Amino acid sequence: QGTVKALGFSIQACSLGQASTAIVLQRAAGLTKEEIQQAAEQLDTLLIGQWPEQALIWPELAIFIHAASMPARHDSARLVFRALQQLFEEEEKQLK
């Protein structure tokens, strides 16, 4: 409880959404809500064209700095992180 056990997916998104989903699939198993949130925050920083103050926890996220000029596609890149956060919130509700 409280960590990602396994992930499966079916995605119909632009290349940014596909890329972020692929990275999450490789990295998320065993991580907590807070660790996923940290990666999501770093992604958000990269998407506005800035480099995070702390070292990237997932170096693969660095590629997204080149997507800063495509704000219409940023939600696609964030989608997998939002889905995981929602799942964590649902689990927390069930445990109460």
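Look up: the structure comes first, before these words.
Here is what the cut-offs are and how they apply
- Residues numbered from 1 in each chain as written.
- Predicted model: local features only at pLDDT ≥ 70, side-chain atom pairs only at ≥ 80, totals over all residues.
- Heavy atoms only, no water.
- Helix = DSSP H or I, 4+ residues; strand = E, 2+ residues; numbered from the N terminus.
- Buried < 20%, exposed > 50% of the residue type's maximum accessible area, 1.4 Å probe, protein only.
- Contact = heavy atoms within 4.5 Å.
- Areas by Shrake-Rupley, 256 points an atom, 1.4 Å probe, with all protein chains shown as cover.
- Expected span 1.5 Å × (residues − 1).
- Salt bridge = Lys/Arg side-chain N within 4 Å of Asp/Glu carboxyl O.
- Axes fitted to C-alpha atoms, helices over the stretch in contact; angles between N-to-C directions.
- Parallel < 35°, antiparallel > 145°, perpendicular 65-115°, else oblique.
- Nonpolar A, V, L, I, M, F, W, Y, C, P; charged D, E, K, R; others polar.
- Core = buried A, V, L, I, M, F, W, Y, C linked by side-chain atoms within 4.5 Å.
- Bend = angle between axes of the 7 residues up to and from the residue.

Even after reading the chapter, I still don't get the overall build of the chain, so can you show me in this structure?
Counting secondary structure elements, the chain contains three helices and zero strands. Counting from the amino terminus, helix and strand elements in the chain follow one another as α-α-α. The burial tally for the chain puts 34% of its 96 residues in the buried class. Of all intrachain contacts in the chain linking residues separated by at least 6 positions in sequence, the fraction that spans at least 24 positions is 59%. Carbon and sulfur atoms provide 51% of the accessible area of the chain, an area that totals close to 6100 Å².

So what exactly am I meant to see when it comes to helix 2 (residues 33-47) here?
Working note: α-helix, 3.6 residues per turn, so residues spaced by three or four point in the same direction. Between its first and last C-alpha, helix 2 extends 21 Å over 15 residues, near the 21 Å set by a 1.5 Å rise per residue. For helix 2, the full list of buried residues reads K33, I36, A39, A40, Q42, L43, L46 and L47. Residues of helix 2 that are buried in the fold lie against helix 3 (74-95).

How do you make sense of the pattern of salt bridges when you look at a structure like this?
One pass over the full model with this rule turns up five salt bridges. The salt bridge partner of E92 is K33, with a shortest N-O separation of 3.5 Å. In this pair, E92 is assigned in helix 3 and K33 in helix 2, connecting sequence segments 59 residues apart. Among the residues examined, E92 registers a relative accessible area of 35% and is labelled partly exposed. A single network of salt bridges, built from pairs that share partners, joins D44, D75, R78 and R82.

Just checking my understanding: could you explain the packing of helix 1 (residues 15-27) against helix 3 for this structure?
Between two packed helices, both the angle of their axes relative to each other and the distance between the axes serve to describe the pair. Axis separation between helix 1 and helix 3 bottoms out at 6 Å; the angle between their running directions is 40 degrees. Of the possible angle classes, the one that applies to helix 1 and helix 3 is oblique. Where helix 1 approaches helix 3, its residues L16, G17, S20, T21 and V24 are matched on the opposing element by S76, A77, V80, F81 and L84. For the contact of helix 1 with helix 3, the per-class residue count stands at six nonpolar, four polar and no charged.

Explain the nonpolar core here, please?
Across soluble globular proteins, nonpolar side chains have a tendency to be buried as a group. V24, I36, L43, W58, L61, F64 and F81 are the most contacted members of the largest nonpolar core, which totals 22 residues. Among the secondary structure elements, those contributing two or more residues to this core are helix 1, helix 2 and helix 3. With near-sequence residues (within four places) excluded, F81 lies in contact with V24, I36, A39, A40, L43 and W58.

How should I be thinking about helix 3 in this particular structure?
Along its 22 residues, helix 3 runs 32 Å from first to last C-alpha, staying within 8% of the 32 Å computed at 1.5 Å per residue. At V80, helix 3 shows its largest kink, close to 35 degrees. Taken residue by residue, helix 3 has H74, S76, A77, R78, V80, F81, L84, Q85 and F88 as its buried positions. Buried residues along helix 3 sit in contact with helix 1 and helix 2.

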